[in-house]
Amino acid sequence: MGRAGRRLPTLAALFYGALAALVLLGVRDVMFLYEENRCSMTYMYEYPEYLKIKLPKKTARRYPAYELYLYGEGNYAEENKNLLLTGIPVLFLPGNAGSYKQVRSLGSIALRKAEDVDFKYHFNFFSVNFNEELVALYGGSLQRQTKFVHECIKVILKLYKGREFAPSSVAIVGHSMGGLVARALLTLKNFKPELINLLITQATPHVAPVMPLDKYLTDFYTAVNNHWILKAQDLRNLTTLSVAGGFRDYQVRSGLAFLPRLSQHDSALSVVSSAVPRAWASTDHLSIVWCKELILATIRAFFDLIDENTRQITEDPKKRMSVLNHHFVRHPAKMYEENPEAFTHLTGAFNWITVKASKWTYSVYNDSDGKYFSFPLASHRKSYSHVYCENSMLDTSSWIYGCMNTNSSMCLEAADLSWRAELLPTTKVVMLKLLDYPSLSHIVIQVPPAVGNKYTLGCEFFKEDSRTVQLPVTHLFSFGFSSSKILLNSTGLLYNVQLQNFNQIYQAFKIYIDSHCQSLKERKPSVYRLHIPWSYEDSITVAKVPSLAEISAKLHIAQPHSDSSLPELNIYSSPDCQYEVILKTSLLQVLGQIVRFHAGAFPVYIVSNILLTYGGQLSTLRSTGQCSDFSLQLVRTAKPYKVEPLISIVVFLQGFNWFREIWESLSLPEVDAAVLSSQDAWFPLVSLILFLFGTGIAYWSGVFFSTSLRLFSSLWLTLIRPPELQKDKLITPSRLCGMISLALVSWTTCGAFAVLIIYLQYLFKVVKLHVTVRAEQNMHNRDSGHSKETSQNSSTPTVKAQSSVGSIPEATESPSNSKTSAEAANSLKMHITVLNLFTWIVLLNLPSLIYWLKNLRYNVRLDPDPCRSTAIILVCILEILMNSSTSEVKSSKLLKIAAKVPLPLSVAMLAFGRMHLYRVPHFVTFSLLLHVLCCFV
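Quick notes on the rules
- Position labels on residues start from 1 in each chain and follow its written sequence.
- Predicted model: local features are reported for residues with pLDDT of at least 70 only, side-chain atom pairs are reported and counted for 80 or more only, and whole-chain, interface and lining totals are derived from all residues.
- With hydrogens and water set aside, each side-chain value is computed from the structure's full complement of heavy atoms.
- The helix and strand labels rest on DSSP assignments: H or I over at least four residues marks a helix, E over at least two residues marks a strand, and numbering proceeds from the N terminus.
- Contacts were defined at the residue level, with two residues in contact if any of their heavy atoms lie within 4.5 Å.
- Method for areas: the Shrake-Rupley scheme with a 1.4 Å probe, in which residue coverage is limited to the protein chains shown.
- Here, any two strands with at least 2 DSSP bridges between them count as paired.
- Note on definitions: angles span 0 to 180 degrees between N-to-C directions of axes, and those axes are lines fitted to C-alpha atoms, for helices only across the stretch in contact.
- Just to be clear on terms, a salt bridge is a Lys or Arg side-chain nitrogen sitting within 4 Å of an Asp or Glu carboxyl oxygen.
- Buried means the residue's accessible area, taken with a 1.4 Å probe over protein chains only, is under 20% of the maximum for its type, while exposed means over 50%, and partly exposed covers the values in between.
- Working definition: a disulfide is two cysteine sulfur atoms within 2.5 Å of each other.
- Under this definition, polar contacts are N or O atom pairs within 3.5 Å; protein pairs additionally need one hydrogen-donor-capable and one acceptor-capable atom, and for neighbouring residues in sequence, both atoms have to be side-chain atoms.
- Orientation is classified from the angle alone, with under 35 degrees giving roughly parallel, over 145 giving roughly antiparallel, 65 to 115 giving roughly perpendicular, and any other angle giving oblique.
- Take the far helix as the reference: if the near one is turned anticlockwise from it by less than a right angle, the crossing is left-handed, and if turned clockwise, right-handed.
- Under the grouping applied here, Gly and all other residues not named as nonpolar or charged are polar, the nonpolar ones being Ala, Val, Leu, Ile, Met, Phe, Trp, Tyr, Cys and Pro and the charged ones Asp, Glu, Lys and Arg.
- Residues belong to a common nonpolar core when they are buried Ala, Val, Leu, Ile, Met, Phe, Trp, Tyr or Cys residues joined through side-chain atoms within 4.5 Å.
- Along the arc lie the directions from the helix axis toward the C-beta atoms.
- Pairs were defined over the aromatic rings of Phe, Tyr and Trp, the Trp ring being its six-membered one, requiring ring centres within 6.5 Å. Orientation was assigned from the angle between planes: stacked under 30 degrees, edge-to-face over 60, tilted for the rest.
- We count a charge as sitting over a ring when the NZ of a lysine or the CZ of an arginine lies within 6 Å of the ring centre and within 35 degrees of the ring normal.
- Patch definition: residues with relative accessible area over 30% and no salt bridge; like charges joined within 9 Å; nonpolar side chains (Val, Leu, Ile, Met, Phe, Trp, Tyr) joined within 5 Å.
- For the charge count, each Lys or Arg is scored as positive and each Asp or Glu as negative, with His and the chain ends excluded.
- Where a charge sits is defined by one atom per residue type, namely NZ (Lys), CZ (Arg), CG (Asp) or CD (Glu).

Draft legend 1. How the structure looks around the overall build of the chain. When you go through the chain residue by residue, the secondary structure sums to 26 helices and 30 strands. Projected onto the principal axes, the alpha-carbon positions of the chain cover approximately 135 × 70 × 60 Å. In the chain, of all internal contacts separated by at least 6 residues, the share reaching a separation of at least 24 is 81%. Total accessible area on the chain stands at roughly 42400 Å², and carbon and sulfur atoms take up 57% of it.

See the structure below:
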């Protein structure tokens, strides 16, 4: 029994160490194991300048920390110093801790583009200085920022008053939380929706906050998203584009950046940067504002959005969506045209060559004569369903046409099928379903004279079934030991591998594509595209042939229930090569997906485990009179079956109308798990996994905490004489004054500041108690060793008698001292657990403290303060708790209740705190309040 008891802590340490290691592996996958940065840096050709715009006195007085700037470079900046502006206004809104200077990439590229068109059109880029506020962590200033942006829009439009082509609206580009502030403009009572007609957001978490640390933040999100759903008619003239960063952006996962899908609002588009044509690159949270490929796509779209008559951004919502689709979804490798001509005249002294084969390739190098290759369709319609063509010349000219019902192999007028093409990194491709073009008699490929150019073209007719293969993905619990394989003996140019049962966010796979070719001749690179049909989150990989390419397959958004399509791996192959596709589950990336989607809930699960341990210590104190060690009690008490089943039952019952009506009649908030499930961000066993992860982190954080206290106490014992062990009174006049003083600090300045002060005071008290207990234990060990040595060395009755007499006082004092030391050790164990709980409260309130310190020069009082009332209560509780001992608590009549309450509080915390982290301190405070009452009752 004793051996088993000694073995338990070791096994627990190994088990919880393994859990913590799994968490670290997931964090490593999210933060370090992503694709390399494929973005180019944007550079300024002239020195950037930021001209401060003078605001009305009332606005400047109301928002002293905020400013408005106009971006410029060189001569352009000099010309605009008098603010005689004639361009198109664009307002840039920085995000969390963002700088107004981040506008320079957009402004500089737009200026170069304007120079290319001799300033026929140009844009004036304005930028707001939000004082680099931490609005992603503190929501109290979001409403203030929104109102300031409204004032800025009015100031900007006044600058153009009286101009020939004066704008009536402003385009907005918002990075991170700046995009949410832009959307919030529509919630203002006096805001006119026609003041903005285009909104582009970069890595903006639209769905929910990344870390819901205060009520103001979650309420702001609720107000914005509800307005966009309920007042969708106000959005009819607003076109919105949201660009997410992909897997490189570990701060804002791309699933949060997708705009709500509304049936009434079809002018919204959400894409991941890895799917944007001519970019095809994932970006991190900051590089999205300077990624040259993305900035070029944005500026090209801006110039294509200009109405030649008004010289402003077009008022036509359909044209705006058409332009954004052209540049951000499917680029046909042609310059944008609003109304392209339906038919084109095929002119020029080109040779006409008829091709009757079902498969054709042609290499062009220094051809002086132009050619038209004509493919009659009549002979292919019976045998084939599709035609696929590709062209490695990446210019913007038309190259593929369709002849209408002609018996001749030549035609002078043809439909331009180049608009059906799609641009890929190394080629442009067209795939046509023959049944969709019954009037076409021929397909014509144009090969213009090429002097010094070398490129290849290819076409093939095929049946869809012959080029589409299905590959079932491996099970999640295969852990990468099993694989799915398929061998493609390529004789064509395209294969589609459909990935069956790949539709959930917790799935993650490694796909290996091993290519082998019959000959060693130089070949064009192969392009592999992972296509997700229900969202624009494709990723593209370019690989040499032959080679072994590795592709990560995981989702930003789970498949909607109404969608039955399958993800595809499109292989744009080289002829006469063999491709073997091997798919394996990647345990590391599965862990990464769990961390990516649920890391924000880790504090809830960690505090829940600590709270269960705290309740277990109170129960042990009540039953045995002794307080158990934190680590041992965590092993005994923190069990997922105590909390998880009840939450699962409630979520299940909420699917029934009668239960939902009862729940709503009690004014209870919705269970967070049900909300996450409706967002497809919840999956089987995730809560159990997160609870175990939380247990592992809580265990090792407790070990780290205890070790740190031991080190501090050792340092204290080395430098300073240990204090004597004495019992403190719970309340004294000086402590009452300190309590009132900290309550005033909380009320007049910042609640988190008062919480930090009382935390440091409590920490000092615990370290001091730790030092005293260690000193008492060392003295007791020294005395027991000395008395043992004395009894062994004594040899005469006289000495024995003297020793016996001398030890009488010691014998009478020893039980009392031993009891006091034991009580102090028990109190220390309880204080360490309380301090561990309180540490997480301090961490959760830290963002508002940082915000307050940063804005201290503008206002001494944080308003609104998310933790003011909680801080006042905590100050009173901890001022008493830090001077309490277990001797006062274990005789309390309330101890039974105080010991049982942490369990339901842990359940409530997991039910209502995952998406509302600011509720966590409330549950902990209530539990500590009962502890304080135990000291008196």
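Still to come is the rest of the account.
Draft legend 2. Layout of unusual backbone geometry. Between valine 545 and the following residue, proline 546, the backbone shows a cis peptide bond with an omega angle of 0°. Turning to its location among the elements, proline 546 is positioned in the loop between strand 27 (539-543) and strand 28 (548-554). Positive phi, normally seen in glycine, also occurs at phenylalanine 119, with a value near 55°. By the element assignment, phenylalanine 119 lies in the loop between helix 4 (104-116) and strand 4 (123-129). In the Ramachandran plot, arginine 278 falls in the positive-phi region, its phi being about 70° despite a non-glycine side chain. Its place among the elements puts arginine 278 in the loop between strand 8 (268-272) and helix 8 (292-304).

Draft legend 3. Highlighting the sheet that holds strand 6 (residues 196-202). With mixed pairing, 8 strands are arranged side by side in an open sheet as 1-2-4-3-5-6-7-8. The open sheet has two free edges, formed respectively by strand 1 (48-52) and strand 8, since each of these has just one partner strand. Pairs of neighbouring strands in the sheet enclose a mean axial angle of 25°, with direction left out of account. Taken together, the 5 bridges between strand 1 and strand 2 (residues 67-73) define a ladder with antiparallel strand orientation.

Draft legend 4. Expanded view of the pattern of salt bridges. Applying the stated criterion across every chain, the model contains 20 salt bridges. In this structure, lysine 81 and glutamate 78 form a salt bridge, with 3.2 Å as the shortest nitrogen-oxygen distance. In this structure, glutamate 151 and lysine 154 form a salt bridge, with 3.4 Å as the shortest nitrogen-oxygen distance. With glutamate 151 and lysine 154 both in helix 5 (residues 142-159) and 3 residues apart, the pair spans about one turn of that helix. Taking relative accessible area as the criterion, lysine 154 reaches 36% and is therefore assigned partly exposed. One continuous salt-bridge network, built from bridges that share partners, spans Glu46, Glu73, Arg112 and Glu115.

Draft legend 5. Local environment of the state of the cysteines. For the coordinates displayed, the defined rule picks out 4 disulfides. Through a disulfide, cysteine 403 is tied to cysteine 411; the S-S separation comes to 1.8 Å. Residues cysteine 403 and cysteine 411 are joined through a disulfide that is left-handed, its torsion about the S-S bond being -45°. Summarising the burial analysis for this pair, cysteine 403 and cysteine 411 share the class buried. The residue that forms a disulfide with cysteine 517 is cysteine 577, at a sulfur-sulfur distance of 2.1 Å. Torsion about the S-S bond of the cysteine 517 and cysteine 577 cystine: about 100°, corresponding to right-handed handedness. With a gap of 60 residues between them, cysteine 517 in strand 25 (residues 508-517) and cysteine 577 in strand 30 (residues 577-585) connect regions that are remote in the sequence. Cysteine 577 carries the same exposure label as cysteine 517, and that label is buried. By sequence-ordered numbering of the bonded cysteines, the chain has its disulfides arranged as 1-2, 3-6, 4-5, 7-8.

Draft legend 6. Main features of the side chain of lysine 554. On the secondary structure map, lysine 554 appears in strand 28. The exposure class of lysine 554 is buried, given its relative accessible area of 7%. A polar atom in the side chain of lysine 554 sits 3.0 Å from the side chain of glutamine 589. Once residues lying within four places of it in the same chain are set aside, the contact partners of lysine 554 are Asp29, Phe247, Phe502, Gln507, Ala508, Glu537, Gln589, Gln593 and Arg596.

Draft legend 7. Region of interest: the packing of helix 4 against helix 8. Remark: helix 4 packs on helix 8, axes separated minimally by 10 Å, with the N-to-C direction vectors making an angle of 50°. With respect to each other, helix 4 and helix 8 are oriented oblique. Viewed along their axes, helix 4 and helix 8 form a crossing whose handedness is right-handed. Along its contact with helix 4, which presents Ser105, Leu106, Ile109, Ala110, Lys113 and Ala114, the element helix 8 presents Ile295, Leu296, Thr298, Ile299 and Phe303.

Draft legend 8. Focus on helix 6 (residues 177-184). Along helix 6, 8 of the 8 residues are buried, which leaves the element largely enclosed by surrounding structure. The set of residues buried in helix 6 consists of Met177, Gly178, Gly179, Leu180, Val181, Ala182, Arg183 and Ala184. Taken together, the buried residues of helix 6 touch strand 3 (88-93), helix 5, strand 5 (170-175), strand 6 and helix 7 (215-230).

Draft legend 9. Summary view of the sheet that holds strand 23 (residues 483-489). Here we have 4 strands laid out as an open sheet, ordered 23-30-25-28, and antiparallel in their pairing. Every interior strand has two partners, whereas the edge strands, strand 23 and strand 28, have only one. Averaged over neighbouring strand pairs, the angle between their axes works out to 20° when direction is ignored. As judged from the 7 bridges shared by strand 25 and strand 28, these two strands associate in the antiparallel manner. Bridging from a neighbouring strand, tyrosine 512 pairs with glutamate 550 of strand 28.

Draft legend 10. Expanded view of the packing of helix 12 (residues 587-598) against helix 18 (residues 686-719). Here helix 12 crosses helix 18 at 90°, and the two axes come no closer than 12 Å. Classified by the angle between their axes, helix 12 and helix 18 sit roughly perpendicular to one another. Packed against helix 12, whose contacting residues are Leu591, Ile594 and His598, the element helix 18 presents Val686, Ile689, Leu690 and Phe693 at the interface. When its residues are assigned to classes, the contact of helix 12 with helix 18 shows 6 nonpolar, 1 polar and no charged.

Draft legend 11. Summary view of the side chain of histidine 206. Its place among the elements puts histidine 206 in the loop between strand 6 and helix 7. In this structure the side chain of histidine 206 is engaged in a polar contact, spanning 3.0 Å, whose partner is the side chain of threonine 201. Histidine 206 has contacts with Arg183, Thr201, Tyr221, Asn225, Ser242, Leu256, Ala257, Phe258 and Leu259, leaving out every residue within four places of it along the chain.

Draft legend 12. Fine view of the nonpolar core. Formed by 109 residues in total, the largest nonpolar core has its most connected members in Tyr614, Val671, Phe838, Leu878, Met909, Val924 and Leu928. Sorting elements by how many residues they give to this core places helix 21 (residues 797-854) first, with 13 residues. Excluding residues within four positions of it along the chain, leucine 928 makes contact with Tyr614, Val834, Leu874, Ile877, Leu878 and Leu881. In terms of nonpolar packing, the next biggest core, distinct from the first, is built from 47 residues, Tyr50, Ile295, Ala301 and Leu305 among them.

Draft legend 13. Spotlight on helix 15 (residues 644-653). Along helix 15, the residues that are buried comprise Glu644, Ile647 and Val650. Viewed end-on, helix 15 has its buried residues packed into an arc of 130°, placing them on one side of the element. Along its buried surface, helix 15 packs onto helix 13 (602-624), helix 16 (657-665), helix 18 and helix 25 (902-912).

Draft legend 14. Layout of the packing of aromatic side chains. A full pass over the atoms with the stated rule returns 35 aromatic pairs. With a centroid separation of 6.3 Å and 10° between ring planes, the pair formed by tyrosine 63 and tyrosine 66 is classed as stacked. Note on accessibility: tyrosine 63 and tyrosine 66 belong to one class, buried. For the pair phenylalanine 502 and phenylalanine 509, a centre-to-centre distance of 5.3 Å together with 85° between the ring planes defines the contact as edge-to-face. Using a relative accessible area of 1% as the deciding quantity, one classes phenylalanine 502 as buried. The cationic tip of lysine 113 hangs over the ring face of phenylalanine 303; the distance from NZ or CZ to the ring centre is 5.9 Å. The ring of tyrosine 365 has lysine 454 sitting right over it, with the charged end atom 5.9 Å from the ring centre.

Draft legend 15. Here's a closer look at a positive patch on the surface. Side chains of Lys54, Lys57, Lys58, Arg61, Arg62 and Lys147 sit close together on the surface and give a patch of like positive charge. With 4 residues, helix 2 (residues 57-62) is the largest single contributor of residues to the positive patch. Looking at the secondary structure, you find arginine 62 in helix 2.

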